[in-house]
Amino acid sequence: MTAAINLVADIGEVLVSEAEIAAKVADLGARIGADHGDRPLTLVSVLKGSLPFMADLMRAIPIPVRIDLMEVSSYGGTSTESSGLVRILKDLSASIEGEDVLIVEDIIDTGLTLNYLLRYLRGKKPRSLRICTLLDKPARRLVDIPVDYVGFTIPDQFVVGYGLDYGEFYRNLRFVGVLRPEVYSSPPE
Ligand code: PRP
């Protein structure tokens, strides 16, 4: 698969441009800051997909923030389908008890990952627990998720870029694009 990757040619359409992402991140950061007043906020980035969004969003929030990182992975599924089985690869590094917490995600698809994470993090007794996602794909939702901040609602297309991957590649694109179906119709080697 590695040799066949072509970051430009593999993209059929730019769904959300770099400029649109930048404007939305600025807007979300201002809203999050206004909603949380002077109380410090703990941002929990859900790796790996949220990495670029987290890096940009944290700098757009004009109030004190702490950051923490979790890495989760769904398993038992395929490269394009989530299974609902979630494994924690990296846990929080500090307590969030009594804290205002904002989960930062790149995309909500079936909602199964966040459904699991919400239950897990609620068990850590934060003062509040909210969700911010760059992308929302409601057509694929299997469980209802209370999302507080959404960047873009997108159609049911397989997207990559700005953190989102196919076979771990394409995360470094500056935009969100639709992957050509022929790229994922033959499974990664
Ligand atoms: C992606 C994404 C979300 C999840 C959304 O993560 O970052 O965490 O899938 O899918 P769902 O709503 O159907 O559960 P992935 O497991 O692909 O890991 P990654 O962030 O490391 O790419």
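Computed from a predicted structure; not experimentally measured.

Undergrad: Can you walk me through the overall build of the chain in this structure?
TA: Along its length, the chain carries four helices and nine strands. Counting from the amino terminus, the chain carries its helices and strands in the arrangement β-α-β-α-β-β-β-α-β-β-β-β-α. For 189 residues, the compact-globule formula gives about 16 Å, and the C-alpha radius of gyration of the chain, at 16 Å, lands near that figure. Counting over 189 residues, the chain shows a buried share of 42%. Within the chain, residue pairs in contact and separated by at least 24 positions form 66% of the contacts whose partners lie at least 6 positions apart. Each charge class in the chain was averaged separately, 20 positive and 26 negative side chains, and the resulting centres sit 5 Å apart.

Undergrad: Whenever I open this one, the site of the ligand confuses me. Can you help?
TA: Neighbouring the ligand are 16 residues, the closest being Glu 105, Asp 106, Thr 110, Gly 111 and Thr 113. Here an oxygen atom of the ligand and a backbone polar atom of Lys 48 are 3.0 Å apart. In the environment of the ligand, an oxygen atom lies 3.2 Å from a nitrogen or oxygen atom belonging to the side chain of Asp 165. Relative to its free-state accessible area of 500 Å², the ligand is covered by the protein chains to the extent of 86%. Among the secondary structure elements, those contributing two or more residues to the shell around the ligand are strand 5 (100-108) and helix 3 (112-122). Ranked by the residues each element gives to the shell around the ligand, the list is headed by strand 5, at four residues. Partitioned by chemical class, the residues of the shell around the ligand number four nonpolar, six polar and six charged.

Undergrad: Please clarify how the sheet that holds strand 1 (residues 11-16) should be interpreted in this entry.
TA: Pairing between sheet strands relies on hydrogen bonds along the backbone, with the strands arranged either parallel or antiparallel. Pairing is antiparallel in the open sheet, where three strands are placed in the order 1-9-8. Two strands close off the open sheet at either side, each with one partner strand: strand 1 and strand 8 (159-160). When strand 1 meets strand 9 (residues 176-179), the two strands line up antiparallel, connected through four bridges. Paired with Ile 11 across the two strands is Leu 179, which belongs to strand 9.

Undergrad: Hey, could you run me through the nonpolar core in this one?
TA: Nonpolar side chains tend to gather and get buried jointly when the protein is soluble and globular. Formed by 26 residues in total, the largest nonpolar core has its most connected members in Ile 32, Phe 53, Leu 57, Cys 132, Leu 135, Val 159 and Val 176. For this core, the secondary structure elements donating two or more residues are helix 1 (18-36), strand 2 (41-47), helix 2 (51-60), strand 5, strand 6 (128-136), strand 7 (149-153) and strand 9. Here this core gets four residues from one element, more than from any other, and that element is helix 1. With residues near it in sequence (within four places) discarded, Val 176 still touches Val 14, Leu 15, Val 16, Ile 21, Leu 134, Leu 135, Val 159, Val 160, Gly 161 and Tyr 162. Counting residues in each nonpolar core, the second largest holds 16 residues, with Val 44, Leu 92, Ile 103 and Ile 108 among its members.

Undergrad: Is there a simple way to think about the packing of aromatic side chains in this case?
TA: Two numbers describe a pair of aromatic rings. These are the distance of the centres and the angle of the planes. Summed over all chains, the structure comprises four aromatic pairs. Centroid distance Tyr 116 to Tyr 120: 6.4 Å. Interplanar angle 5°. Geometry classified as stacked. Separated by four residues within a single helix, Tyr 116 and Tyr 120 lie in helix 3, roughly one turn from each other. The class for Tyr 116 is partly exposed, based on a relative accessible area of 28%. A ring pair is formed by Phe 158 and Tyr 166, whose centres lie 5.9 Å apart and whose planes are at 85°; its orientation type is edge-to-face. Taking the relative accessible area as the measure of exposure, Phe 158 reaches 15% and is therefore buried.

Undergrad: Teacher, can you tell me more about the pattern of salt bridges here?
TA: Close approach of charged atoms lets side chains of opposite charge pair. Applying the stated criterion to the full structure yields ten salt bridges. Here Arg 39 and Asp 100 are joined by a salt bridge, their closest N and O atoms 2.6 Å apart. Note that Arg 39 is positioned in the loop between helix 1 and strand 2 and Asp 100 in strand 5, a separation of 61 residues in sequence. For Asp 100, a relative accessible area of 2% puts it in the buried group.

Procedures and definitions
Residues numbered from 1 in each chain as written. Predicted model: local features only at pLDDT ≥ 70, side-chain atom pairs only at ≥ 80, totals over all residues. Heavy atoms only, no water. Helix = DSSP H or I, 4+ residues; strand = E, 2+ residues; numbered from the N terminus. Rg over C-alpha atoms; globule rule 2.2 N^0.38 Å. Buried < 20%, exposed > 50% of the residue type's maximum accessible area, 1.4 Å probe, protein only. Contact = heavy atoms within 4.5 Å. Lys, Arg positive; Asp, Glu negative; His and termini not counted. Charge placed at Lys NZ, Arg CZ, Asp CG, Glu CD. Near = heavy atom within 4 Å. Polar contact = N/O pair within 3.5 Å; in protein donor to acceptor, adjacent residues only side chain to side chain. Areas by Shrake-Rupley, 256 points an atom, 1.4 Å probe, with all protein chains shown as cover. Nonpolar A, V, L, I, M, F, W, Y, C, P; charged D, E, K, R; others polar. Pairing = 2+ DSSP bridges. Core = buried A, V, L, I, M, F, W, Y, C linked by side-chain atoms within 4.5 Å. Phe/Tyr/Trp six-rings, centres within 6.5 Å; stacked < 30°, edge-to-face > 60°. Salt bridge = Lys/Arg side-chain N within 4 Å of Asp/Glu carboxyl O.

Any link to function would need more than the numbers given here.
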